[in-house]
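One letter stands for each residue in the lines below.
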Amino acid sequence: MPSLATLRVFLDSLEEGVLFLDRARRVLEMNSAAARMIGHDNRRLVDELCPTLFEGTECARACVARGECSLTPTKGEDKVQDIVVRSPTGVDIPLRMWAMLLPPNDSGLYCAIVLRDRSRELELEAEVRDRWQLGGLTGRSRAMQDLYQKVLRVAASEANVLITGESGVGKELVARALHDNSTRAKGPYVAVHCASLPENLEESELFGHAKGSFSGATGARLGRFEAANGGTLLLDEIGEISPSTQTRLLRVLQEREIVRVGENHPRKVDVRVVAATHRDLAGMVGRGEFREDLYYRLHVLPLHVPALRERREDIALLASRLLGELGERYRRPDLRLSPEAIVAMESFSWPGNVRQLFNALEYAVVNSDGATILPQHLLPEVVTPVESTREALLPLPLTRYYATQVTPDEEQAQIQRMLEQCGGNRAEAARRLGMSRTTLWKRLNRS
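Values in this document were obtained by computation on a predicted structure and should not be read as measured data.

Draft legend 1. Region of the structure containing the overall build of the chain. Scanning the chain from N- to C-terminus turns up 20 helices and 16 strands. When burial is assessed residue by residue, the chain has 47% of its 447 residues classed as buried. Taking contacts inside the chain between residues at least 6 apart in sequence as the whole, the part at least 24 apart equals 61%. Only carbon and sulfur atoms are counted for the fraction: they give 50% of the accessible area of the chain, which is about 22900 Å².

Draft legend 2. Representation of the pattern of salt bridges within the structure. The tally for this structure, following the rule as stated, stands at 23 salt bridges. Between Asp 180 and Arg 176 there is a salt bridge, with the nearest N and O atoms lying 3.3 Å from each other. Of this pair, Asp 180 and Arg 176 are both found in helix H8 (residues 171-180), four residues apart, which corresponds to roughly one turn of the helix. Using a relative accessible area of 39% as the deciding quantity, one classes Asp 180 as partly exposed. What makes Arg 176 partly exposed here is its relative accessible area of 37%. The closest approach of N and O atoms between Arg 248 and Glu 203, which form a salt bridge, is 2.9 Å. Of this pair, Arg 248 sits in helix H11 (residues 243-255) while Glu 203 sits in helix H9 (residues 202-207); the two residues are 45 residues apart in sequence, bridging distant segments of the chain.

Draft legend 3. A look at helix H16 (residues 353-367). With 15 residues, H16 should reach 21 Å at 1.5 Å per residue; the first-to-last C-alpha distance of 21 Å fits that figure. Every buried residue of H16 is accounted for by Asn 353, Val 354, Gln 356, Leu 357, Phe 358, Ala 360, Leu 361, Glu 362, Ala 364 and Val 365. The secondary structure elements touched by the buried residues of H16 are helix H14 (315-329), strand E15 (336-337), helix H15 (339-347) and strand E16 (372-373).

Draft legend 4. Quick look at the sheet that holds strand E1 (residues 17-21). Judged by pairing direction, the sheet is antiparallel, and its five strands sit side by side in the order E2-E1-E5-E4-E3 without closing on themselves. Two strands close off the open sheet at either side, each with one partner strand: strand E2 (27-30) and strand E3 (80-86). Taking each pair of neighbouring strands and ignoring which way they run, the sheet shows an average axis angle of 30°. Where E1 lies against strand E5 (residues 111-117), five bridges are found, and the strand directions are antiparallel. Across the sheet, residue Leu 19 finds its bridge partner in E5, namely Ile 113.

Draft legend 5. Local environment of the sheet that holds strand E8 (residues 161-164). Strand order across the open sheet formed by five strands is E9-E10-E13-E8-E14, with parallel pairing between neighbours. The sheet terminates laterally at strand E9 (189-193) and strand E14 (301-304), the two strands that pair on one side only. The sheet shows a mean angle of 20° between the axes of neighbouring strands, direction not considered. In the sheet, E8 pairs with E14 via four bridges, with the strands oriented parallel.

Draft legend 6. How the structure looks around the side chain of Asp 236. Here Asp 236 shows up in strand E10 (residues 232-236). Although Asp 236 is buried, it forms no salt bridge, and the closest oppositely charged side chain is Lys 171 at an N-O distance of 5.6 Å. Residue contacts for Asp 236: discarding those within four places in its chain leaves Glu 172, Val 192, His 193, Cys 194, Ala 195 and Ala 276.

Rules of the game
Residues numbered from 1 in each chain as written. Predicted model: local features only at pLDDT ≥ 70, side-chain atom pairs only at ≥ 80, totals over all residues. Heavy atoms only, no water. Helix = DSSP H or I, 4+ residues; strand = E, 2+ residues; numbered from the N terminus. Buried < 20%, exposed > 50% of the residue type's maximum accessible area, 1.4 Å probe, protein only. Contact = heavy atoms within 4.5 Å. Areas by Shrake-Rupley, 256 points an atom, 1.4 Å probe, with all protein chains shown as cover. Salt bridge = Lys/Arg side-chain N within 4 Å of Asp/Glu carboxyl O. Expected span 1.5 Å × (residues − 1). Pairing = 2+ DSSP bridges. Axes fitted to C-alpha atoms, helices over the stretch in contact; angles between N-to-C directions. Lys, Arg positive; Asp, Glu negative; His and termini not counted.

Written out as structure tokens, the structure reads:
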């Protein structure tokens, strides 16, 4: 095993902090990153007991209670601990730590404690928590906030991603946000809609072809993988590709190289693959319609985009943003939504999701004369009478708050009953009633 002196240059180049302990948990050596994270000169920390460096943390308490390192892996399971240490200057530093057992050696080294500074990660999470947009995505619901956090975490990885969700939810926007927040952001972003590719041209489009490789191939052509080299490739509607293309795609993902149609020599490609689908790929695997090995190769980091009906509190915000875009397109910057139109949109189930919402708003813009979009300007199915949509939208036997037959007093009573059922949780009560949290707040504070 190399000496610590030999390893020092390498260790000091790491972003992670590393402490080497003996079996008694005494620090024998550490790199400069560990000293910086803990906030002391490394000479002062050598020969100290590890628990004293992290005094007051759950990790240190468990270590003292056990009489041995509480992070030591057992039965092949790694143990991870998130802690906060305070530097001598009074700054709190959030750390993630884990341990690795070392092979027998003559230096007395028993294990290595690895530290990772989580400050930037927590900053990103805090930033996203109150963010209403991420790239082209819009929403302040809990579902969208969770999605934003997952997108930023996944963006830091190089692994393949599978984005699932119904048609029209914005899977392409998620893929673009992944690319824009990744280390490949300066590289190309190439999107391929697999369902639109003729089966006989799938392999040529994805992997390219040589001149004369088939009738009509009058010149050599690079495929989408080569075009995306150094960047990100979105394979949208991946469930539509043919079995033969699935086989070749699997090899590309395994070997990181492509072979153009009509050629025999491979070409290396450096591409991060993001696949998207509205279909149940796991079900397709069970029916033999999609290769199981390809499914698991793509399903490394899954992301699910919620349907619009699952985040009704975002509809007003999303509709306002889309209407702003339409106002620019149609040169009508003063367009706005009436409260009645917002209520109608919030009560609709939107089977076509955000894409359908945009089309409905464009229809309204074309059919409106003034600056205000009213319910009568919307598509007829959007303003379907409440009675015909109640069962699909609300599993509880309540009259919806916007129904004309409900008096203000009855409405207040229904809201109060729902709040009691939800333990005072206004967000959940609003969801069950089919209204936004803002509308619920206005109803509660109506004089």
